[in-house]
Amino acid sequence: LLRMNAANLQLAEQLVNAQYVRQGAQVRHARESLLASLLAQRRMPEVGWDETSIELLLHELAGMDSNNFPGNTGVGEREGRLLC
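This one's a predicted model, so the numbers in the text were calculated from it and none came from an experiment.

About the cut-offs
Residues numbered from 1 in each chain as written. Predicted model: local features only at pLDDT ≥ 70, side-chain atom pairs only at ≥ 80, totals over all residues. Heavy atoms only, no water. Helix = DSSP H or I, 4+ residues; strand = E, 2+ residues; numbered from the N terminus. Buried < 20%, exposed > 50% of the residue type's maximum accessible area, 1.4 Å probe, protein only. Contact = heavy atoms within 4.5 Å. Areas by Shrake-Rupley, 256 points an atom, 1.4 Å probe, with all protein chains shown as cover. Expected span 1.5 Å × (residues − 1). Arc of directions from axis to C-beta. Polar contact = N/O pair within 3.5 Å; in protein donor to acceptor, adjacent residues only side chain to side chain. Salt bridge = Lys/Arg side-chain N within 4 Å of Asp/Glu carboxyl O. pLDDT = per-residue confidence, 0-100.

What the chain contains, in helices and strands, is four helices and zero strands. In sequence order, the secondary structure elements of the chain are arranged as α-α-α-α. A burial count over the chain gives 11% of its 84 residues as buried. Within the chain, residue pairs in contact and separated by at least 24 positions form 32% of the contacts whose partners lie at least 6 positions apart. Surface accessibility of the chain: about 7,300 Å² in total, with carbon and sulfur atoms responsible for 58%.

Below, the structure written as structure tokens:
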């Protein structure tokens, strides 16, 4: 998955105002903290998440699916049946 790590944030500051980059990094960190809390507590949060946080979670989970690896071509049971 694409990440806005320290190196990418520094590069982004060359494109837009550094204050905007810092604000974006803070928002991303807050959403990552929601995920960390969800995983640590292993239960639904007391306060519901906003739509963007839910979409980010789903995107992160989908990105870890082996069917979505760049350059990966799935050859599983269904694909094997088509070849027979």
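What follows continues from the structure just given.
Before going further, it helps to spend a moment on helix α3 (residues 51-63). Here α3 spans 18 Å end to end across 13 residues, near enough to the 18 Å set by a 1.5 Å rise per residue. Looking only at α3, the buried set comprises S53, L56, L57 and E60. End-on, the buried residues of α3 take up no more than an arc of 100°, which puts them together on one face. Away from its buried face by more than 90 degrees, α3 exposes E51, L58 and H59. Near the N-terminus of α3, the side chain that reaches the backbone nitrogen of T52, with its oxygen 3.2 Å away, is that of D50.

All chains considered together, the criterion is met by three salt bridges. Salt-bridge contacts for E32 lead to R28; the nearest nitrogen and oxygen are separated by 3.2 Å. Of this pair, E32 and R28 both sit in helix α2 (residues 18-41), four residues apart, which is roughly one turn of the helix. Note on R28: relative accessible area 26%, which makes it partly exposed. Here R28 makes a salt bridge to E60, at a shortest N to O gap of 2.9 Å. Taken together, the positions of R28 in helix α2 and E60 in helix α3 put the pair 32 residues apart, joining distant regions of the chain.

A separate point is the confidence of the model for the chain. Here the chain averages 85 in pLDDT, and 80% of its residues register 70 or above. By mean pLDDT, the top-scoring element of the chain is α2 (94), and the lowest-scoring one is helix α4 (residues 77-83) (59).

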